[in-house]
Amino acid sequence: MDNLIKEMETYAEEKNIPIMQKKGIDFLCKIIEKGEVKNILEIGTAIGYSAIKMANVNETITVTSVERDEERYILALKNIKKAKLDKRINVIFADALNINLEDKYDLIFIDAAKSQYIKFFNKFKENLNPKGIIISDNLSFHGYVEQEERIESRNLRQLVGKIRKYVDFLKDNKEFKTKFYKVGDGIAVSIKED
Ligand SMILES: C[S@@+](CC[C@H](N)C(=O)[O-])C[C@H]1O[C@@H](n2cnc3c(N)ncnc32)[C@H](O)[C@@H]1O
């Protein structure tokens, strides 16, 4: 398993595929362990790295993960098979905004297009179990969110603006209590209030 994980990290770096930073994924796995999370929905599989890491926390965990890029989806399936986790990780090839899921999850991990975070949150909160957790990654976006003066391109400025809006949305959200952590690329943990 360690070899496969290393292979995936190297592949992601070489091909510029954004997978979770090590500190970020370790933090996420600790929450899964402590919260006795059993079933997880992930938005944004990429090549299956975080799905495999999360499923490896313990043998009772199942992961449903959604990916819209066909090449990455196929690669994720291969990696998951290599990890012998194909019975516990189900990857759906689709744009997450175009699907409707019936199941309920203990934890939802949002790690897809940053510009759509509010939409993902509002759509998939309906799939959360009572007291469920929604985790969002990349809220610092390589430090640009805190240091906007470093930004030179218009597109990047727009994207960072959307991440800031999402942070404000989480802060103002009465249904969920959110804590922000400067771990990895910036992680928010939102817990559904009673
Ligand atoms: C940051 S990567 C995911 C990394 C992965 N969670 C990991 O740490 O191993 C984001 C992925 O989300 C996918 N994505 C972006 N928007 C999406 C959407 N609306 N529906 C499904 N997948 C999406 C992208 O194709 C990309 O592969």
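Residues numbered from 1 in each chain as written. Predicted model: local features only at pLDDT ≥ 70, side-chain atom pairs only at ≥ 80, totals over all residues.

A few words on the pairing of strand β7 (residues 187–192). In terms of strand pairing, strand β5 (residues 128–136) meets β7 through four bridges, oriented antiparallel. Within β7, the residue paired with S136 across the bridge is A188. Alignment of strand β6 (residues 176–181) against β7, held across six bridges, turns out to be antiparallel. Residue pairing across strands places T178 opposite S190, the latter belonging to β7. With antiparallel pairing between neighbouring strands as the criterion, β6 and β7 make up a hairpin whose turn holds five residues, including G184 at a positive phi of roughly 55°. (Pairing = 2+ DSSP bridges. Helix = DSSP H or I, 4+ residues; strand = E, 2+ residues; numbered from the N terminus.)

Glancing now at the site of the ligand. Near the ligand, the surroundings consist of 19 residues, among which M20, G44, Y49, S50 and A112 are the closest. Where the shell around the ligand is concerned, the elements lending two or more residues are α3 (49–55) and β2 (62–67). (Near = placed C-beta within 6 Å.)

Below, the discussion takes up the sheet that holds β5. Ordered by their spatial adjacency, seven strands build an open sheet running β3-β2-β1-β4-β5-β7-β6, and the pairing between neighbours is mixed. With partners counted over all chains shown, the strands left at the sheet margins are β3 (89–93) and β6, one partner each. Here the average twist between neighbouring strands, direction ignored, is 15°. Across five bridges, the pairing between strand β1 (residues 39–43) and β2 is parallel. Its bridge partner lying in β2, I43 is registered against V66. Contacting β4 (105–110), β5, β6 and β7, helix α2 (residues 22–34) crosses the sheet at an angle of about 20° to β7. (Axes fitted to C-alpha atoms, helices over the stretch in contact; angles between N-to-C directions. Contact = placed C-beta atoms within 7 Å.)

Inspection of the secondary structure assignment puts F121 in helix α5 (residues 117–124). Residues in contact with F121, not counting those within four places in the same chain, are I110 and I134.

The next subject is helix α4 (residues 70–82). Compared with the 18 Å implied by 1.5 Å per residue over 13 residues, the 19 Å span of α4 between its first and last C-alpha is a close match. Structurally, α4 contributes buried residues whose contacts are with α1 (2–14), α3, β2 and β3. Following α4 by one or two positions, K84 has its phi on the positive side, about 60°. (Expected span 1.5 Å × (residues − 1).)

Purely spatial values, then, with no claim about function.
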